[in-house]
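In case you want the letters, here they are:
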Amino acid sequence: MSDQKIYPVNPQIAASAHIDSAAYQRLYQQSITDPETFWAEQASEFLDWQQPWQQVLQYDYPKGEIQWFLGGKLNVTVNCLDRHLETRGDQVAIIWEGDDPAHDRKLTYRELHTQVCQFANVLKANGVQKGDRVCIYLPMIAEAAVVILACARIGAVHSIVFGGFSADALRDRVIDADCRVLICADESFRGGKVVHSKLNVDKAAKQCPNLNTVIVIKHTGHDIPWTAGRDIDYREAMQAASADCEPVMMDAEDPLFILYTSGSTGQPKGVLHTTGGYLLYAAMTHKYVFDYQEGDVYWCTADIGWITGHSYVLYGPLCNGATSLMFEGVPTYPHPDRFWQVIDKHQVNIFYTAPTAIRALMAQGDDFVTRTNRSSLRILGSVGEPINPEAWEWYYQVVGNKRCPLVDTWWQTETGGILITPLPGATPLKPGSATLPFFGVKPAILDPDGNILEGEAEGVLVLTYPWPGQARTVYGDHARFIDTYFAKFPGYYFAGDGARRDKDGYYWITGRIDDVLNVCGHRLGTAEIESALVLHDLVAEAAVVGFPHPIKGQGIYAYVTLNVGIEGNSSLKGELKDLVREEISAIALPDLIQWAPGLPKTRSGKIMRRILRKIAANEFHDLGDTSTLADPSVVEQLIANRLKLP
Ligand code: PRX
């Protein structure tokens, strides 16, 4: 473990940073000793409220109840747009960079405000009211910012579904949130290829009886099927819409959005975030974690379909009046220097991406990086999965020329914003460690029985106190919210990750300890992939586990038991992959499928995934306790026929 290696704080960065080491110590102490005063001060500093709150916090973890800034009233778009108009109306809010390097576009705060108001009127004209759920199934185009904020303008709750999800996955999410209106593109481009978004929507819509309006943004302009009476052309509707739209004042605890994420069991859950606390937390972390300075060009490469896109492409940066870059494409198109070309083209100062992208680009060699300039860069960030020290060093040394602090930020869909992270002017860095908690965040490490471990320790990561950006419920299933996050270790928020704390109090995230996979920074539940596989008529049973993958972080290894008498072959493997693609997404395709005559189970019938994980990872010499297996010979067969890892 390279936890001895420390990069001290860069003194030049510290000199101009919002937070230096002394300020971090002081504010962190205040934030945990007197949290309510601390958060009240931050809420006044970062947000404009129409009506102040009466109470800062009320919570009851065993009941899964969390409320911040009770009684406060505000509107997210007033904070992200209106209040900037006077001072920075002509400043660029969104730089859009297309998949094709020749395509780009800039939207000022004034333009964005006008379009958001217009589209909010389009939504209203189509019957959308405060509290209604609106599904957004869009690629990374500038209009995505417009429609998302338009929902917030009128208090509609958006549910963004990642554009890479299949028609079936989209259908499930539309039905779960009972969305009547959906916004999509005709098509989009990714790495030079066309993605047929509208076709997926048409397919999904057939099974969504309540979905009555589909607003289509024509992005490629190619011919697409059109359902009269249901489909609306975005541009035509915008032309007819007034640019005056009063913001609807929201309670701090009114829902802002639902975002589906995978858990260890069942269907993805709709994580619900609310208005005041979420916005405050997104804005504050954006400012301090990236040391955002007035005038900076800031680029987070995440898709708006994930929480990182919500908090750090849109809400945090726009609340702070930043210029935020949205990128439609992929890091390797047209060449593997695309990220660095875009950084030079738009003079990006802050760059935030995922370890999987870093590892993929590292494998392409240094020349693609070193032939670009990158002198505009000041801060680098990483998110989505643990960053291995080799990738960290390459990112820091080759991409950042050893000048730019690298913030490895640990958080989750449910946390709304970054929880454990360095601050550029305050925290000495250790490659591979997310370092220290953000203000107000109280992590702890537990043993499996739930006892708090002090000092150097490794175990289960929990948070012992609420923070404003925390999710409030699982949409439509509060019992699942309690069960998933608060039941296992009463009194704490259970994150699902393991962590180690070193002698300096630094946290090292060791990865998920439940049946959630992290593939290329995408969160997937093994249960979802298994459900897709067993839909095949010839499949009796399936078990999916992750294995360490050099680029993807984790790869997907599927053990599939076929019906008696059926022989597995490569065309059947192809059919199984097609099923996963159709049911979920290409991101969930198994890398390896092993035919398994049987699966290792306890006598009560529970699949022993621990053993399957070890076989997949080639660590079968140390399988641990196998005495509870119903049939130990199954394991030997699986080991004998295991597949070679990529
Ligand atoms: O396992 C952790 C991993 O990603 C999970 C959360 O996934 P998701 O909700 O999709 O959000 C991703 C973007 C915030 C976590 O439970 N994870 C995220 N960031 C890190 C990480 N693991 C280690 N280090 C990180 N910096």
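Residues numbered from 1 in each chain as written. Predicted model: local features only at pLDDT ≥ 70, side-chain atom pairs only at ≥ 80, totals over all residues. Heavy atoms only, no water.

Digging into the packing of aromatic side chains
Our working rule: Within 6.5 Å between ring centres, the rings of Phe, Tyr and Trp (the latter by its six-membered ring) count as paired, and their orientation is classed by plane angle as stacked under 30 degrees, edge-to-face over 60, tilted in between. Here a helix means four or more residues in a row that DSSP labels H or I, a strand means two or more in a row labelled E, and each is numbered from the N terminus. Burial status follows relative accessibility: with a 1.4 Å probe on protein chains alone, a residue under 20% of its type maximum counts as buried, one over 50% as exposed, and anything between as partly exposed. As a reminder, the over-ring test applies to NZ of lysine and CZ of arginine, requiring each to be within 6 Å of the ring centre and within 35 degrees of the ring normal.
Applying the stated criterion to the full structure yields 49 aromatic pairs. Both rings, one in Phe119 and one in Tyr234, keep their centres 5.3 Å apart while their planes meet at 40 degrees; by these two values the pair is tilted. You can see Phe119 sitting in helix α6 (residues 109–125) and its partner Tyr234 sitting in helix α10 (residues 234–239), a full 115 residues away along the chain. Residue Phe119 is classed as buried on the basis of its relative accessible area, which comes to 0%. The exposure class assigned to Tyr234 is buried, which follows from its relative accessible area of 4%. With a centroid separation of 5.3 Å and 65 degrees between ring planes, the pair formed by Phe481 and Phe486 is classed as edge-to-face. Residue class for Phe481 comes out buried when judged on its relative accessible area of 2%. Over the aromatic face of Trp226 sits the side chain of Lys218, whose NZ or CZ is 4.7 Å from the ring centroid. The lysine or arginine in question, Lys430, covers the ring of Tyr506, its NZ or CZ lying 4.5 Å from the ring centre.

Observations concerning the environment of Tyr475
Short version of the rule: Contacts were defined at the residue level, with two residues in contact if any of their heavy atoms lie within 4.5 Å.
Locating Tyr475 in the fold gives a position in the loop between β24 (473–474) and α17 (478–485). Its relative accessible area of 24% is what places Tyr475 among the partly exposed residues. For the pair Tyr475 and Ala177, spaced 298 residues apart in the sequence, the C-alpha separation amounts to 7.3 Å. Tyr475 has contacts with Arg133, Asp176, Ala177, Ile258, Gly270 and Leu272, leaving out every residue within four places of it along the chain.

Overview of the UniProt feature "binding site: Mg(2+)" (unreviewed entry) in the protein
Using the following cut-off: UniProt positions are given in the numbering used here, feature names are shortened, and annotations may be inferred rather than shown by experiment.
Following the UniProt record, one finds the feature "binding site: Mg(2+)" (unreviewed entry) at Val534, His536 and Val539. Owing to a relative accessible area of 36%, Val534 belongs among the partly exposed residues under this scheme. In contact with Val534, other than residues within four places in its own chain, are Val539, Glu541 and Ala542. As for its position among the elements, His536 is in the loop between α18 (526–533) and β29 (539–549). In this structure His536 comes out as buried when scored by relative accessible area, which is 13%. Here His536 is in contact with Leu572, Glu575, Leu576 and Leu579, once residues within four sequence places are set aside.

What about the packing of α6 against helix α7 (residues 142–154)?
For any two helices packed against each other, the geometry comes down to the angle between their axes and how far apart the axes lie. Spelled out, the test is: Throughout, an axis means a line fitted to C-alpha atoms (over the contacting stretch in the case of helices), and angles, computed between N-to-C directions, take values from 0 to 180 degrees. By convention the crossing between two helices is left-handed if the near helix lies anticlockwise of the far one by an angle smaller than a right angle, and right-handed if it lies clockwise.
Where α6 meets α7, the axes come as close as 8 Å, and the angle between the chain directions of the two elements is 65 degrees. Here α6 and α7 pass one another in a crossing that is right-handed. Counted together, Leu112, His113, Gln115, Val116, Cys117, Phe119, Ala120, Leu123 and Lys124 of α6 and Ala145, Val146, Val147, Leu149, Ala150, Cys151, Arg153 and Ile154 of α7 form the full contact between these two elements.

Structural notes on the site of the ligand
Operational definition: Distances are taken per atom, and a residue is near a molecule or strand as soon as one of its heavy atoms is within 4 Å of it. In the analysis that follows, any N or O atom pair within 3.5 Å is treated as a polar contact, provided that within protein one partner can donate a hydrogen and the other can accept it, and provided that, for residues neighboring in sequence, both atoms belong to side chains. Each accessible area value is a Shrake-Rupley result obtained with a 1.4 Å probe; residue values ignore everything except the protein chains displayed when judging cover.
Around the ligand sit 17 residues in total, of which Asp408, Thr409, Thr413, Asp497 and Arg523 are the nearest. A distance of 3.4 Å is found between a nitrogen atom of the ligand and a backbone nitrogen or oxygen belonging to Glu385. Here Thr413 contributes a side-chain N or O atom positioned 2.6 Å from an oxygen atom of the ligand. For the ligand, the accessible surface in isolation is 540 Å², of which the surrounding protein chains cover 95%. Elements supplying a minimum of two residues to the shell around the ligand: α12 (307–319), β20 (406–409) and β26 (507–512).

Observations regarding the UniProt feature "binding site: ATP" (unreviewed entry) in the protein
The sites that UniProt annotates as "binding site: ATP" (unreviewed entry) are Gly384, Glu385, Pro386, Asp408, Thr409, Trp410, Trp411, Gln412, Thr413, Asp497, Arg512 and Arg523. With respect to the helices and strands, the residue Asp408 is situated in strand β20. Setting aside anything within four residues of it in sequence, one finds Asp408 in contact with Ser382, Ile387, Ile420, Thr421, Pro422, Gly432, Ser433 and Ala434. Its place among the elements puts Arg523 in strand β28 (residues 522–525). Judged by relative accessible area, which is 15%, Arg523 ranks as buried. If sequence neighbours within four positions are ignored, Arg523 has contacts with Thr261, Ser262, Gln412, Thr413, Glu414, Arg512, Val516 and Leu517.

Brief notes about the pattern of salt bridges
Filter applied, for reference: What makes a salt bridge here is a side-chain nitrogen of Lys or Arg within 4 Å of a carboxyl oxygen of Asp or Glu, nothing more.
A full pass over the atoms with the stated rule returns 37 salt bridges. Between Lys345 and Glu97 there is a salt bridge, and its shortest N-O distance comes to 2.8 Å. One end of the pair, Lys345, is in helix α13 (residues 338–346); the other, Glu97, is in strand β4 (residues 92–97), and 248 residues separate them in sequence. Classification of Glu97 by relative accessible area gives buried; the value is 1%. Bridged by salt links that share partners, the residues Glu97, Asp104, Arg338 and Lys345 form one connected network.

Observations regarding the pairing of strand β8 (residues 181–185)
In summary, the side chains of a regular strand alternate between the two faces of the sheet. Threshold: If DSSP finds at least two bridges between two strands, the strands pair.
The element β8 is extensively covered by neighbouring structure, given that five of its five residues are classed as buried. Of the two faces of β8, both are covered, the one formed by Val181, Ile183 and Ala185 as well as the one formed by Leu182 and Cys184. As judged from the four bridges shared by strand β6 (residues 133–137) and β8, these two strands associate in the parallel manner. Bridge assignment links Cys135 to a residue of β8, and that residue is Leu182. Note that β8 and strand β11 (residues 213–217) share five bridges and pair parallel. Bridging across to β11, Ile183 finds its partner in Ile215.

Comments concerning the sheet that holds strand β17 (residues 323–327)
Read from one edge to the other, the open sheet built from seven strands follows the order β5-β4-β17-β16-β18-β19-β20, with strand pairing classed as mixed. In the strand order of this sheet, the two ends are held by β5 (104–108) and β20, each with one partner. Across the sheet, the axes of successive neighbouring strands diverge by a mean angle of 20 degrees, strand direction being ignored. Judged from the three bridges that link them, strand β16 (residues 297–300) and strand β18 (residues 350–353) form a sheet pairing that is parallel. Residue pairing for β18: Trp299 is matched across the bridge by Phe351. Together, β18, β19 (379–383) and β20 form the strand contacts of helix α16 (residues 389–399), whose direction differs from that of β19 by roughly 160 degrees.

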